[in-house]
Amino acid sequence: MLEVEGIHTFYGLSHILFGVSLRVEPGKVVCLLGRNGAGKTTTMKSIMGLTPPKRGNIRFKDEEITGKQPYVLARKGIGYVPDDRRIFADLTVGENLEIAARKARGTEGWDMERIYELFPALKNIESRKGGCLSGGEQKMLAIARALMGNPELLLLDEPTEGLAPTMVHALEDQIRKLRQAGLTVLLAEQNVRSALRLSDHGYIIDNGQIRYQGSVGELEENEEVRRKYLLV
Amino acid sequence: MELGQSIDLASLGSQLLVGLSRAMILFIVCAGLSFVLGVLRVPNVAHGSLYMIGAFSAYSVFALFGTSSTGFWLSLILAPFVVALVSLIAERALFCHLYQREHLMLLLFTFALMLIFGDLVKIIWGAEYRSVLAPSILRGSISIFGSSLPRYNLFLLIVGPLVAIGLWFFTSKTKIGKISRAAAVDREMVGVIGINVSWVFAGAFVLGCFLAGFGGALVAPTVSISLGMDHDIIIEAFLIVTIGGLGNIWGALVGSLIFGLTHSFGVLLWPQFAIVFPYAAVVIVLLLRPRGLLKSVW
Ligand SMILES: Nc1ncnc2c1ncn2[C@@H]1O[C@H](COP(=O)(O)OP(=O)(O)O)[C@@H](O)[C@H]1O
Ligand SMILES: [Mg+2]
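This is a predicted model, so every value here is computed, not measured.

Basis of the calculations
Residues numbered from 1 in each chain as written. Chains lettered and ligands numbered in written order. Predicted model: local features only at pLDDT ≥ 70, side-chain atom pairs only at ≥ 80, totals over all residues. Heavy atoms only, no water. Helix = DSSP H or I, 4+ residues; strand = E, 2+ residues; numbered from the N terminus. Rg over C-alpha atoms; globule rule 2.2 N^0.38 Å. Buried < 20%, exposed > 50% of the residue type's maximum accessible area, 1.4 Å probe, protein only. Contact = heavy atoms within 4.5 Å. Areas by Shrake-Rupley, 256 points an atom, 1.4 Å probe, with all protein chains shown as cover. Lys, Arg positive; Asp, Glu negative; His and termini not counted. Charge placed at Lys NZ, Arg CZ, Asp CG, Glu CD. Buried area = accessible area lost by both parts, 1.4 Å probe. Salt bridge = Lys/Arg side-chain N within 4 Å of Asp/Glu carboxyl O. Polar contact = N/O pair within 3.5 Å; in protein donor to acceptor, adjacent residues only side chain to side chain. Nonpolar A, V, L, I, M, F, W, Y, C, P; charged D, E, K, R; others polar. Patch = residues over 30% accessible without salt bridge, like charges linked within 9 Å, V, L, I, M, F, W, Y side chains within 5 Å. Core = buried A, V, L, I, M, F, W, Y, C linked by side-chain atoms within 4.5 Å. Near = heavy atom within 4 Å.

## Description of the overall build of chain B
In terms of helices and strands, chain B carries 11 helices and two strands. Moving toward the C terminus, one meets the helices and strands of chain B in the order α-α-α-α-β-β-α-α-α-α-α-α-α. A compact globule built from 298 residues would reach a C-alpha radius of gyration of about 19 Å, and chain B, at 19 Å, matches this within 12%. Oriented by its inertia axes, the alpha-carbon framework of chain B measures out at about 60 × 50 × 35 Å. A total of 298 residues make up chain B; the buried ones form 52% of that total. Put simply, of all contacts in chain B between residues at least 6 apart along the chain, 77% involve residues at least 24 apart. Accessible surface, chain B as shown: approximately 13000 Å² in total, 72% of it carbon and sulfur. For chain B, the separation between the mean place of its 16 positive charges and that of its 11 negative charges on side chains is 12 Å.

Now the structure itself:
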């Protein structure tokens, strides 16, 4: 579904990603693990067209999408949940969802009703301003907003960051439900335990390069990788 | 020097009306300026020129229909659309390539645009004074409690709140309005949810300029339409949106009321120096609240 091949991304003059490559198969949850500053967010942003890579290419559903604008990618079926949420603070929860709504290509799409089924907590705060939400509520809303666009591929950047353990478990359940609903997910995480519980396949990124990749089983068994990159 | 010796209730009433109706014109123009500031982050110095083009276009429509009352009503409707069209062309041809630039560039660019519009007006309409005559039902005054109240000012007092309600409805009830509020805060994220921000900006710019044109058409029967209208209004307009809170259209309303009312009471208190009062009010507001009275989106 998604193929990233040897991308090099810069912020101004600083070279951040050095030939990052990864693949995400349809219907799978793939995680991108790495410590703070490793380049996870930059990889996500490169895919979403927010920091277009200078070299390398990205394909989505066998179509070249490198350098396309974010709104084009969203319309092609990529949803993005940024690590800093970026909820529209001036808009209510309901309005945040409303403006993100996009018709589903497939059969059964996401609408407000289904969103509130998945995140019942959001229904109660429907008319509250986005700027007045707790961190957990913002996380849920950011995911819900991305879902309203009916994506086929969801880029989830550190969904569990800063959440209380009970919230983390609730969110994991919700992500599992998304996967059951047929969504493909690329998940960036520092929270290795949570990510490994959810994923089929994992990549480890460090200093802007992919250091290791394998199935979740392989990652869990590889003592050296765990010690060196994952600090568990 | 006469320091407000003859303030009586009747003149108080009519000055209040004059101040409020002036505030309504200012509000319509400043709401447009503030909307563009908020959504596009462009300090559009050419906004006053669009107001002037609105007034001249109103004159042309009025003259085209044989200076009849139909001509007046059509001028109110058509002149803002002429301005909207001009602004759409300016946005698609020029502005849309410049949004990424820093504010100083945009400021200089809109300043250049102001000069260009000024020359265009001179070429098209010439340097003579022009005027529009309000239809007979809006001419003259009516007398209430001894105050003589000009009908056209009362008309402005109806139009202003209607525009405010329209803007409230647009920004809080329509999807496009909600999207433009979102774009004011985080344009990149608006793109991420699949919206082509470029068209949102074009729409917001055209709406803001439409309001400038509408203000120009509304003011036409009350002034002599001439070159220089652009400079007069743009300075006031920037002060108003600054004291109201940049990018906040309700701030534009508050600022306009302050500006219009202090000026008309200045006329009562100290006629020779009436113009000082609104500027003094601006200074006081900015000393107390440097970021403006209402929440600024900047
Ligand atoms: N806007 C930016 N400008 C310059 N450097 C940045 C910017 N954002 C991130 N970086 C740098 O890029 C590197 C990777 O950051 P990031 O992709 O955010 O990592 P992660 O998401 O894995 O924590 C870090 O060294 C960070 O300092
Ligand atoms: Mg990050």
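## Here's the deal with the interface of chain A and chain B
Contact residues are listed per partner, giving 19 residues for chain A and 18 residues for chain B. Carbon and sulfur atoms supply 58% of the area that chain A and chain B bury against each other, a total of about 1900 Å² over both sides. Inspection of the chain A/chain B interface yields five salt bridges. Measuring nitrogen to oxygen at the nearest pair gives 3.1 Å for the salt bridge that ties A:Glu95 to B:Arg181. For the interface between chain A and chain B, the tally reads 10 residue pairs in polar contact (both at pLDDT 80 or more). Classifying every residue of the side of chain A that touches chain B by side-chain character gives 12 nonpolar, no polar and seven charged.

## Brief notes about a nonpolar patch on the surface
Together, B:Ile158, B:Leu162, B:Ile165, B:Trp168 and B:Phe169 line one region of the surface with nonpolar side chains, adding up to about 550 Å² of accessible area. Relative to the helices and strands, B:Phe169 is located in helix H5 (residues 151–173).

## Comments concerning the pattern of salt bridges
Residue and element names in this part refer to chain A. If you walk through the whole model with that rule in mind, you get 20 salt bridges over all chains. The partner of Arg59 in a salt bridge is Glu5, and the shortest N-O contact between them spans 2.9 Å. Residue Arg59 is located in strand E4 (residues 55–60), and its partner Glu5 is located in strand E1 (residues 2–11); the two are separated by 54 residues in the primary sequence. Looking at Glu5, the relative accessible area reads 38%, which means it is partly exposed.

## Focus on the nonpolar core
A:Phe119, A:Leu147 and B:Leu218 are the most contacted members of the largest nonpolar core, which totals 158 residues. It is helix H1 (residues 9–40) of chain B that provides the largest number of residues to this core, a total of 13 residues. With residues up to four places along the chain from it excluded, the contact list for A:Phe119 reads A:Met140, A:Ile143, A:Ala144, A:Leu147, A:Leu171 and A:Gln174.

## Some words on a negative patch on the surface
Residues A:Glu108, A:Asp111, A:Glu113 and A:Glu117 make up a contiguous surface patch of negative charge. Tracing the backbone through its elements, the reader meets A:Glu108 in the loop between helix H3 (93–100) and helix H4 (112–118).

## Concerning the site of ligand 1
Residue and element names in this part refer to chain A. Close to ligand 1 lie Tyr11, Ile16, Arg35, Asn36, Gly37, Ala38, Gly39, Lys40, Thr41 and Thr42, which account for all nearby residues. Here an oxygen atom of ligand 1 sits 3.2 Å away from a polar atom, N or O, in the side chain of Asn36. One of the side-chain N or O atoms of Thr41 is found 2.6 Å from an oxygen atom in ligand 1. If ligand 1 stood free it would expose 560 Å²; the protein chains cover 59% of that surface. Looking at the shell around ligand 1 element by element, the count peaks at three residues for helix H1 (residues 40–48). Grouping the amino acids of the shell around ligand 1 by side-chain chemistry returns three nonpolar, five polar and two charged.

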